[in-house]
Amino acid sequence: MLMKTSTQSLTEQLSARFGERIRNRLLAPGARLPSVRQCAQQHGVSPSTVVAAYDQLLAQGLVEARKNRGFFVREMATALLERAPEDDAAAQEVERGMGNWSTAHWFAARGAGRGAARGAPPINATALIRGMFHKVSDKPQPGMGVFPPDWLESTFMPAAVRKVTNTRALQDFSLQYGEPLGDTGLRRVLSKKLATLSVHAAPENIITTVGATHALDIVSRTLLRPGDPVMVEEPGWAVEFARLAALGMHILPVPRRADGPDLEVMAKYCEVHQPKLYVSVSVFHNPTGYCLSPGSAHRILQLANQYNFHVVEDDTYSHIAPEHATRLTALDGLQRTIYVSGFAKILAPNWRIGFLAAHPSLIEQLLDTKLLATLTTPALLEKALALCIEQGQLRRHAERIRTRLDAARARSVKLALGAGCTFAAEPVGLFGWVETGVDTDALAQRMLDEGYLLAPGALFHAERKPSTLMRINFATTQEAAFWKTFARVRDEQGR
């Protein structure tokens, strides 16, 4: 709450609050600030105070004004650009006391300005990562993409590490680089685990990585060159969009439906652009929770063979998904497909162990890319993980998580419906794709004041655009206190 007794003016306090959030990446580039009217009502100040605060942010290069649209967070790389002189004149005119003015008048006074004709900046991957893991409060965070730490606590993981480090071989494998492909024991148990999903990959066709994201990066850097067209699912995880964009790829967003990608759009992309790669989350798609149908899977593989592109299947949520779910790699036998997964979601985020499985003809190329980036991967944690899988501890742990998640999902869905929300996709898996009825970019900023970090729908599009959807984590939205606050803030925003 802004304090009238503070040594700072209300304008300075409001400007500092938004400035801190922008610098901490809680407001990503392209995010829209609340309208002047909404912000004034929310903080109990006059519209002219809000305008003055926004003008301070303009002066610092942290935001830009877009004609008839509002104020938007700028890319940090442009923060040192000078503000146009007309911005100062407009701000001074308002400060002199334009009593019955409106947001439209304000932007009319500003004119087109430097940012009006400019499209929304691309989403910055590091901004999202920093924002998602910045500690907002001690409350459960609905926008987080992981299970709460207390869900992941176990005794078997520390025991596995102790067992591995107590062997006489510890010094031997600690004082030399590990195996290039990854620990042999881990690759052996991963091969057996994949077979339960009908994905058949020999240990020599598996490469361990520093998390699943590293595996995706290895594939991209091996198979693609700057400018290559890549098909991605939309909505989808913005970090993947931004990662590919940072590598200079031409991103082709394919609408994701309940049974899979929009095959008509996909076929058209194939005809016109000749894509090199398609990145898919077939099972428990993020953020919708959709699972691929067999019919769509067969058609995707037909297109891959016809137009000569590879398919990367990110099976990050395999540990909480049914074994019988349709997977492209199971149908294709790793001919055109590359399988990627990891253990951060279900077991130990900081162990950073992931892996990929690919056709023998690609393994050497993929391994070269891994060696150039990381040389090898930490054998100690890989050996400990192999032990956890081999002794069945990971399987039993995943079963407990699934049971707990089912109960949390039921509570979260009931509370969301009670708060007046609907689900744009059937609630399954870890995430819910929720229709709120209001702009969730603006809602997310208002909820930060209440100590909650949301994941607005705009984050899940290749080009940021306003959305009334948001992704929730069922594990962190099962408390009535959050939904009560959400409903109040949403209703205030809608007035």
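Here we summarise the structure given alongside this text.

### Examining the overall build of the protein
Consideration 1: Scanning the protein from N- to C-terminus turns up 20 helices and 14 strands.
Consideration 2: When each of the 495 residues of the protein is scored for burial, the buried share is 55%.
Consideration 3: Just so you have it, the protein exposes about 21,300 Å², and 53% of that area is on carbon and sulfur atoms.

### A few points about the packing of aromatic side chains
Consideration 1: Counting across every chain of the model gives 13 aromatic pairs.
Consideration 2: Note on Phe423 and Phe474: the rings are 6.3 Å apart at their centroids and 35 degrees apart in plane angle, and the pair reads as tilted. Remark: Phe474 occurs in the loop between strand 14 (469-473) and helix 20 (480-494) and Phe423 occurs in strand 11 (residues 422-423); sequence separation between them is 51 residues.
Consideration 3: Measuring from centroid to centroid gives 5.3 Å for Trp483 and Phe486, while their planes differ by 75 degrees, and the two rings are edge-to-face. Here Phe486 and Trp483 lie together in helix 20, a separation of three residues that amounts to about one turn.
Consideration 4: Exposure remark for Trp483: the relative accessible area of 3% places this residue in the buried category.
Consideration 5: Through a chain of ring-to-ring contacts, the aromatic side chains of Tyr452, Phe482, Trp483 and Phe486 assemble into a single cluster.
Consideration 6: Positioned above the aromatic ring of Trp237, the side-chain terminus of Arg471 is 5.5 Å from the ring centre.

### Observations regarding the pattern of salt bridges
Consideration 1: Taken as a whole, this structure holds 20 salt bridges when the rule is applied.
Consideration 2: Residue Arg32 is joined to Asp439 by a salt bridge in which the shortest nitrogen-to-oxygen separation is 1.9 Å. A residue pair is termed long-range when its members are at least 10 positions apart, and Arg32 in the loop between helix 1 (10-23) and helix 2 (36-43) and Asp439 in the loop between strand 12 (431-435) and helix 19 (440-448) qualify at 407 residues.
Consideration 3: Residue Asp150 pairs with Arg404 through a salt bridge whose shortest N-O separation is 3.2 Å. With Asp150 in helix 7 (residues 149-152) and Arg404 in helix 18 (residues 393-418), this pair connects stretches of sequence that are 254 residues apart.

### A look at the pairing of strand 5 (residues 250-257)
Consideration 1: Pairing geometry for strand 4 (residues 229-234) and strand 5, over six bridges, is parallel. Each bridged residue has a counterpart across the sheet, and for Glu234 the counterpart in strand 5 is Pro255.
Consideration 2: For the segment spanning strand 4, helix 12 (residues 238-246) and strand 5, crossover handedness is right-handed.
Consideration 3: Sheet analysis places strand 5 next to strand 6 (residues 260-261), joined by two bridges and oriented antiparallel. Looking at the pairing, Arg257 lines up with Gly260 of strand 6.
Consideration 4: Connecting the antiparallel pair strand 5 and strand 6 is a turn made up of two residues.

### Section: the sheet that holds strand 11
Consideration 1: Read from one edge of the open sheet, four strands run 11-12-14-13, paired in antiparallel fashion. Only two strands of the sheet have a single partner each, and these edge strands are strand 11 and strand 13 (455-456).
Consideration 2: In the sheet, strand 11 pairs with strand 12 via two bridges, with the strands oriented antiparallel. By the bridge assignment for strand 12, Phe423 is matched with Val434.

### Here's the deal with the sheet that holds strand 5
Consideration 1: Taking strand neighbours across the sheet as the criterion, the eight strands line up as 3-10-9-8-7-4-5-6 in an open arrangement whose pairing is mixed. Single-partner strands in this sheet number two, and they are strand 3 (206-209) and strand 6.
Consideration 2: By the bridge criterion, three bridges tie strand 4 to strand 7 (residues 277-280) in an arrangement that is parallel. What sits directly across from Val232, in strand 7, is Val279.
Consideration 3: Across the sheet, helix 12 touches strand 4, strand 5 and strand 7, and the angle it forms with strand 4 is around 165 degrees.

### Description of the nonpolar core
Consideration 1: By size, the foremost hydrophobic cluster in this structure holds 67 residues, and its most contacted members are Phe147, Ile320, Phe343, Leu347, Trp483 and Phe486.
Consideration 2: Dropping the residues within four chain positions of it, Trp483 is found in contact with Ser412, Leu415, Ala416, Ala419, Cys421, Met470, Ile472 and Thr477.
Consideration 3: Within the second largest apolar cluster, 27 residues are counted, among which are Val230, Leu244, Leu277 and Ala358.

Definitions and limits used
- Residues numbered from 1 in each chain as written.
- Predicted model: local features only at pLDDT ≥ 70, side-chain atom pairs only at ≥ 80, totals over all residues.
- Heavy atoms only, no water.
- Helix = DSSP H or I, 4+ residues; strand = E, 2+ residues; numbered from the N terminus.
- Buried < 20%, exposed > 50% of the residue type's maximum accessible area, 1.4 Å probe, protein only.
- Areas by Shrake-Rupley, 256 points an atom, 1.4 Å probe, with all protein chains shown as cover.
- Phe/Tyr/Trp six-rings, centres within 6.5 Å; stacked < 30°, edge-to-face > 60°.
- Lys NZ or Arg CZ within 6 Å of the ring centre and 35° of its normal.
- Salt bridge = Lys/Arg side-chain N within 4 Å of Asp/Glu carboxyl O.
- Pairing = 2+ DSSP bridges.
- Right-handed = clockwise from strand over helix to strand, strands pointing away.
- Contact = heavy atoms within 4.5 Å.
- Axes fitted to C-alpha atoms, helices over the stretch in contact; angles between N-to-C directions.
- Core = buried A, V, L, I, M, F, W, Y, C linked by side-chain atoms within 4.5 Å.

The values are spatial; any link to function lies outside them.
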